[in-house]
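Structural characterization, general
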Amino acid sequence: MDTVEGNTLAPLGVSASEEAVYRMTLRSPGVGIAAIAHGCGMNEESARAALDRLRDFGMVATPDQRTFSGADPVSVVDRLARMRIHGLQGEIRRVASSRHLVESLAEDRRAGQWGQTTELEHIEGLDQVVSYVDEFSFFAREERLTTHPGPVLTAAFDAVRRTDLKYLQRGLRMRTIVHTRALGSPGVGHFVSELSERGARVRGTAGPLERMVIFDRRTALVATDPTDITRGALVVRQPGLVSCLLALFEHRWSRSCALADDLPSATERRVLRAMARVDKDDAGARELGMSVRTYRGHVAALMRRLGAPNRFRAALAARERNWL
C-alpha cells in the first residue's frame, strides 16, 4: 500500500488524505478511482470526496471523469500559497477594522476582567505607536521584524531611527522590508545603509506590503489604517493571529530582494514580461521596439542577475522576487 508520512501540505490547506491522493495521481498519471482508494487505504467514497476537493483546488485533472492525473506541482503550490496569503490578508483586514471588538476589549481591560494584559489592544495616535515600539523593542530578546510600506513621516523618522540604532547596538536582531515608495522619503536611503552597517538585514520590494512590527514572534503591532500610521495601531498578542502575521511577513520577505541588488529598471521589467510571454527573441524584440541584439543583451544580463541557467528559470526567479 502506498502511504505518505505526515502532511507537508497542511500549511496550504490540504489534508493528509488529500495529499496522499494528490501524490498518487502524480506518481501514476491516469489512475482510476478504485486504484486510488486501494493505494491510499480508503474507500471509494472517501477517495471521491478527496478528488472533488483537489479538483476545486486545481490539483488534479480528469478529462474522462474516470481517470485522474496530478497537476504541475510548481503551479499547484504557487496557487495554494497565493490563496492562503489572500485569506490571511482578509483576516488581518477584518481584525484591523473591528473597531467594536477593540472597544469591547478595552472596556474589559478597564474593568480588570482580563487581568494584566489583553490579546488585542487598540492604541491611538503616532506618539503612542512610537512609544509602544520603543517599549516592546526594549523588552524583546531575540528578533524584531518590521515593514515600511510607504513614505516615512518626518514626524516619526527621527524617533524610529534612534530606536532602531539603539536596539541594534544592544544586540537585537532585526529584519526589515522597505518598499520602494519609502526609499523616496528624505533620509531613508541613508537610514537603510546605517541599519545594514549595524547588522540589520534589509530587503526591498515593489510589491504589496502591509505596515506591521513583530517582536520576538509573540507580539505584533499592525496599523489600523495601512496608509496613515497616525491613526494608531492594533497590538496583537493572540498566538493564532501573531502566527498568521509571521507567515505573511515571511512570505513578503521571501519575495523581496537585498537592496544591494538594484531593482530592475522599467526597460528590464518590459523585457522580463516579454520573456514570460514569447519564446522567440525576434518576437520579443519586435514587441518592445528594439533590435534583436539589444533584446538578447538584456535577456543575458537579467539571467546573470537572477542566477538562472535558462529563461524559464529566470521567469520563475523574477516572479519570486516580485519583479513580474
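Everything discussed here concerns the structure shown above.
Predicted model, so just to flag it, every value in this text is computed and none were measured.

**Considering the overall build of the protein chain**
Across its full length, the protein chain carries 14 helices and eleven strands. Residue burial in the protein chain is summarised as follows: out of 324 residues, 43% are buried. Of all intrachain contacts in the protein chain linking residues separated by at least 6 positions in sequence, the fraction that spans at least 24 positions is 67%. Total accessible area on the protein chain stands at roughly 17,300 Å², and carbon and sulfur atoms take up 50% of it.

**Brief notes about the side chain of His179**
Relative to the assigned elements, His179 resides in strand 6 (residues 173–179). Owing to a relative accessible area of 3%, His179 belongs among the buried residues under this scheme. Polar contacts involving the side chain of His179 include one to the main-chain carbonyl oxygen of Ala206, which spans 3.3 Å. With near-sequence residues (within four places) excluded, His179 lies in contact with His148, Pro149, Gly150, Thr205, Ala206, Gly207 and Leu209.

**What to know about the sheet that holds strand 4 (residues 120–123)**
An order of 4-10-9-8-5-6-7-11 is seen for the eight strands of this open sheet, with the pairing classed as mixed. Unpaired on one side and paired on the other, strand 4 and strand 11 (257–258) mark the two borders of the sheet. Contacts from helix 6 (residues 126–139) reach strand 4, strand 5 (143–148), strand 8 (212–215), strand 9 (219–223) and strand 10 (233–236) within the one sheet, and its direction differs from that of strand 9 by about 160°. Where helix 10 (residues 239–254) meets the sheet, its contacts fall on strand 4, strand 5, strand 6, strand 7 (201–205), strand 8, strand 9 and strand 10, and the angle it forms with strand 6 comes to roughly 65°.

**Describing the packing of helix 12 (residues 281–288) against helix 13 (residues 292–306)**
For the pair helix 12 and helix 13, the least separation of the axes is 9 Å and the interaxial angle reads 100°. Classified by the angle between their axes, helix 12 and helix 13 sit roughly perpendicular to one another. Across the interface between the two elements, Asp281, Asp282, Gly284, Ala285 and Leu288 of helix 12 pack against Val292, Tyr295 and Arg296 of helix 13. Here the residues of the contact of helix 12 with helix 13 sort into four nonpolar, one polar and three charged.

**Structural notes on unusual backbone geometry**
If you check the backbone angles, Gln65 has positive phi at about 65° while not being a glycine. Following the sequence through the fold, Gln65 ends up in the loop between strand 2 (60–61) and strand 3 (67–70). At Arg217, a residue that is not glycine, the phi angle is positive and equals roughly 60°. Structurally, the position occupied by Arg217 is in the loop between strand 8 and strand 9.

**Some thoughts on the sheet that holds strand 1 (residues 31–32)**
The three strands lie next to each other as 1-3-2, forming an open sheet whose pairing is antiparallel. Two strands close off the open sheet at either side, each with one partner strand: strand 1 and strand 2. Taken together, the two bridges between strand 2 and strand 3 define a ladder with antiparallel strand orientation. The partner of Ala61 across the bridge, within strand 3, is Ser69. Contacts from helix 1 (residues 16–27) reach strand 1, strand 2 and strand 3 within the one sheet, and its direction differs from that of strand 3 by about 90°.

**Let's talk about the environment of Arg141**
Looking at the secondary structure, you find Arg141 in the loop between helix 6 and strand 5. Once the C-alpha coordinates of Arg141 and Arg170 are considered, the two residues, 29 residues apart in sequence, prove to be 9.9 Å apart. The contacts of Arg141, once residues within four sequence positions are left out, are Arg170, Leu172 and Asp216. Engagement of the side chain of Arg141 in a polar contact is seen with the backbone oxygen of Phe139, the distance being 3.4 Å.

**Regarding helix 13**
Because each turn of an α-helix spans 3.6 residues, side chains separated by three or four positions in sequence point in the same direction. In this model, helix 13 (15 residues) spans 21 Å end to end at C-alpha, consistent with the 21 Å of a helix rising 1.5 Å per residue. When helix 13 is considered as a whole, its buried residues turn out to be Tyr295, Val299, Leu302, Met303 and Leu306. Down the axis, helix 13 shows its buried residues gathered within 100° of arc, on one side only. Turned more than 90 degrees away from the buried face of helix 13, the exposed residues are Arg293 and Arg304. Gly307 sits one or two positions beyond helix 13 and adopts a positive phi of about 65°.

Quick notes on the rules
- Residues numbered from 1 in each chain as written.
- Predicted model: local features only at pLDDT ≥ 70, side-chain atom pairs only at ≥ 80, totals over all residues.
- Heavy atoms only, no water.
- Helix = DSSP H or I, 4+ residues; strand = E, 2+ residues; numbered from the N terminus.
- Buried < 20%, exposed > 50% of the residue type's maximum accessible area, 1.4 Å probe, protein only.
- Contact = heavy atoms within 4.5 Å.
- Areas by Shrake-Rupley, 256 points an atom, 1.4 Å probe, with all protein chains shown as cover.
- Polar contact = N/O pair within 3.5 Å; in protein donor to acceptor, adjacent residues only side chain to side chain.
- Pairing = 2+ DSSP bridges.
- Axes fitted to C-alpha atoms, helices over the stretch in contact; angles between N-to-C directions.
- Parallel < 35°, antiparallel > 145°, perpendicular 65-115°, else oblique.
- Nonpolar A, V, L, I, M, F, W, Y, C, P; charged D, E, K, R; others polar.
- Expected span 1.5 Å × (residues − 1).
- Arc of directions from axis to C-beta.

Purely geometric numbers; function is a separate question.
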